[in-house]
Amino acid sequence: MAASVREKQTVALKRMLNFNAPPLKNSAAEPVWKVLIYDRFGQDIISPLLTVKELRDMGITLHLLLHSDRDPIPEVPAIFFVMPTEENIDRICQDLRNQLYESYYMNFISAISRSKLEDIASAALAANAVTQVTKVYDQYLNFITLEDDMFTLCHQNKELISTTDTDMEAIMDTIVDSLFCFFVTLGAVPIIRCPRGNAAEMVAVKLDKKLRENLRDARNSLFTGDNMAAGQFSFQRPLFVLADRNVDMATPLHHTWTYQALIHDVLDYQLNRVVMEEGAGGDPSPAGARPKKKNRKTYDLTGADRFWQKHKGSPFPEVAESGLEGEDEGAISMLSDNTAKLTSAVSSLPELLEKKRLIDLHTNVATAVLDHIKSRKLDVYFEYEEKLMSKSTLDKSLLDIISDPDAGTPEDKMRLFLIYYITAPQVPSEYKTALLDAGCDLSPLNYIKQWKAFTKMAATPANYGNSGVKPMVMNSGSQLVMEGVKNLVLKQHETDDYRYFDPKMLRGSESSIPRNKNPFQEAIVFVVGGGNYIEYQNLVDYAKFKQGKKVVYGCSELSNAGQFIKQLSQLGQK
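Residues numbered from 1 in each chain as written. Predicted model: local features only at pLDDT ≥ 70, side-chain atom pairs only at ≥ 80, totals over all residues. Heavy atoms only, no water.

The name given to the protein in an unreviewed UniProt entry is Sec1 family domain-containing protein 1, with the source organism recorded as Dissostichus mawsoni. Regarding the protein, the UniProt comment filed under Function (unreviewed entry) reads as follows: "Plays a role in SNARE-pin assembly and Golgi-to-ER retrograde transport via its interaction with COG4. Involved in vesicular transport between the endoplasmic reticulum and the Golgi." Its UniProt record, at the heading Sequence similarities (unreviewed entry), says of the protein: "Belongs to the STXBP/unc-18/SEC1 family." (UniProt positions renumbered as here; feature names shortened; annotations may be inferred.)

As structure tokens, this is what we get:
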């Protein structure tokens, strides 16, 4: 199996941290000590892939944000890993003038323009620091890999919502730039398919143009043999399926039931890290005393955690039942077998401590999730929404749930109602008063009304429930994404409503382009306008049943239902 994009991005980062030379295999040699300076974007890219210990092993003694107050460290080389933005370039020029470091290795997350390079050059000249600027590299790493088969483009500023044409154009360009970086790192030129007449098509057209221009410039192409790292180039081209969030608005609002998606829904889970407040329950402080300070605890959920890898896609009751039996038994048997051999018990102590840490981690996280399920009756919401989406018969009325003061927060009720509104042909009017009585903010509904009217005019909205693809546990809402993959990767019949782009072919009309008739082994499904762990898990479950096929999920940003509702209400107020 070819290396995953996560491995490729990690290799690229390690190479960068070794002054853009391949890291030596025998690590007996002392590394060169250096400092790493990154911006928020660089931090987001590095943090899910490299731990502080791994950075230290590579000689990074200090890692600092570019815009923090930094003291001069004159004898040390500095590696910069930043976006080529105006304020970042200004700050780098300031560092050159202040002579903070011995030498500067500039690594830009995506390609830097000629004019900005000239700004750095003139600042280096003015500061008499030309010799200290050792190397300047475009890294093409402007995307965040969260799993072997999942990536997202943007984590910063994802709350901002734009509706003007110029802003939309800029957002499209940013998405295309990041996708271009993704394929450079992957080392493959994809065949691009997308539905017609939406944002996904705009992204596809721009990406095709950008890839085509790069391939045409043979000397500087990033996809030719000379520029590819050895073994990175594969003859199997991936299929890149673009989907548009607008076609399926129900799935991001859905109350989910698998472990990872639930954590993302109810806890603060970002870039593979959960932040939880401890001591929120506890004993109440005596009257008049200061309230106890809540501790914030962070837990990293990584690929090295076997329990997480095995259960992140499991339904929550299974996670709770399986508990950590295997982990516990392993730890106990290690102790009982080795009681006589004290030395080996001592040598296995780090392993036992690590197991204990993971047991504590998952116990705390699962307990926090369970508290949310009980207090908000999330199981009721999940089952009811599943029935709505699959058009099954409903056992109780929606009004009962909305009017029940113990069932969930106003936001939970709004999410349930919006799914009902999206999937039902007609909606009775009495719901509005019930929602207002329950304390719901109705502005998301304004936008969904406009959206539903528009999709009715344009075409029929997503057909929930009759999808033929039924992922194992999860909902039928991701039917749109599943249909795209099913049609394009796994059944090899042509889908005429999807446009076809092959950046390697000379320009011709779309119908005259010779189509790639070989079955694809690898598909990348990308949702423009925000994705979620529900769709990711559906694709993972789906790919399990397709031997030899690999499906990667990507999205322009990763939002949970709370963030998605907030975006809808902002749009509803405009």
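Structure shown, so let's carry the discussion forward.
## Points about the sheet that holds strand S12 (residues 295–300)
An order of S10-S11-S12 is seen for the three strands of this open sheet, with the pairing classed as antiparallel. This sheet does not close on itself; its edge strands, each paired only once, are strand S10 (268–270) and S12. For this sheet, the mean angle separating the axes of adjacent strands, direction not counted, is 25°. Sheet topology places S10 next to strand S11 (residues 273–278); three bridges connect them, and they run antiparallel. (Pairing = 2+ DSSP bridges. Helix = DSSP H or I, 4+ residues; strand = E, 2+ residues; numbered from the N terminus. Axes fitted to C-alpha atoms, helices over the stretch in contact; angles between N-to-C directions.)

## Examining the packing of aromatic side chains
For the structure on display, the rule yields 23 aromatic pairs. Here the aromatic rings of tyrosine 536 and tyrosine 553 are separated by 6.5 Å at their centres, their planes lie at 40°, and the arrangement is tilted. Of this pair, tyrosine 536 sits in helix H20 (residues 533–544) while tyrosine 553 sits in strand S15 (residues 550–557); the two residues are 17 residues apart in sequence, bridging distant segments of the chain. Following the ring pairs from residue to residue traces out a cluster consisting of Tyr259, Tyr269, Trp308, Phe316, Tyr533, Tyr536 and Tyr553. (Phe/Tyr/Trp six-rings, centres within 6.5 Å; stacked < 30°, edge-to-face > 60°.)

## Structural notes on the sheet that holds strand S2 (residues 60–65)
Overall, parallel pairing links the five strands, which are arranged S2-S1-S3-S4-S5 in an open sheet. Either end of the sheet is taken by a strand with one partner, and the two such strands are S2 and strand S5 (133–138). For this sheet, the mean angle separating the axes of adjacent strands, direction not counted, is 20°. When strand S1 (residues 34–38) meets S2, the two strands line up parallel, connected through five bridges. Each bridged residue has a counterpart across the sheet, and for tyrosine 38 the counterpart in S2 is leucine 65. Across the sheet, helix H1 (residues 5–17) touches S1, S2, strand S3 (73–82) and strand S4 (101–108), and the angle it forms with S3 is around 155°. (Contact = heavy atoms within 4.5 Å.)

## As for the pairing of strand S14 (residues 522–528)
A regular strand places its side chains on the two faces of the sheet in alternate fashion. For S14, the tally of buried residues reaches seven of seven residues, placing the bulk of the element in the interior. By the alternation rule, side chains of S14 split into Glu522, Ile524, Phe526 and Val528 and Ala523, Val525 and Val527, which are all buried. Across six bridges, strand S9 (residues 239–244) lies against S14 in parallel orientation. Of the residues in S14, the one forming a bridge with alanine 243 is valine 527. As paired strands, S14 and S15 are joined by six bridges and run parallel to one another. Looking across to S15, one finds that phenylalanine 526 is bridged to glycine 554. Assessed by its sense of winding, the connection that carries the chain from S14 through H20 to S15 is right-handed. (Buried < 20%, exposed > 50% of the residue type's maximum accessible area, 1.4 Å probe, protein only. Right-handed = clockwise from strand over helix to strand, strands pointing away.)

## Some remarks on the pairing of strand S6 (residues 144–147)
Pairing geometry for S6 and strand S7 (residues 150–154), over three bridges, is antiparallel. Note that in S7 the partner of isoleucine 144 across the bridge is threonine 152. In textbook terms, the turn of a hairpin is the stretch between consecutive antiparallel strands, and for S6 and S7 this stretch comprises two residues.

## Looking at the pattern of salt bridges
Applying the stated rule across the entire model yields 23 salt bridges. When the shortest N-O distance is used, the salt bridge between glutamate 169 and lysine 206 registers 2.7 Å. Note that glutamate 169 is positioned in helix H6 (residues 165–186) and lysine 206 in helix H7 (residues 199–216), a separation of 37 residues in sequence. Given a relative accessible area of 24%, lysine 206 falls into the partly exposed group. One salt bridge in this structure joins aspartate 360 and lysine 356, with 2.6 Å as the shortest N-O distance. With a gap of four residues between them, aspartate 360 and lysine 356 both fall in helix H13 (residues 349–376), about one helical turn apart. With a relative accessible area of 33%, aspartate 360 lands in the partly exposed category. The class for lysine 356 is partly exposed, based on a relative accessible area of 48%. (Salt bridge = Lys/Arg side-chain N within 4 Å of Asp/Glu carboxyl O.)

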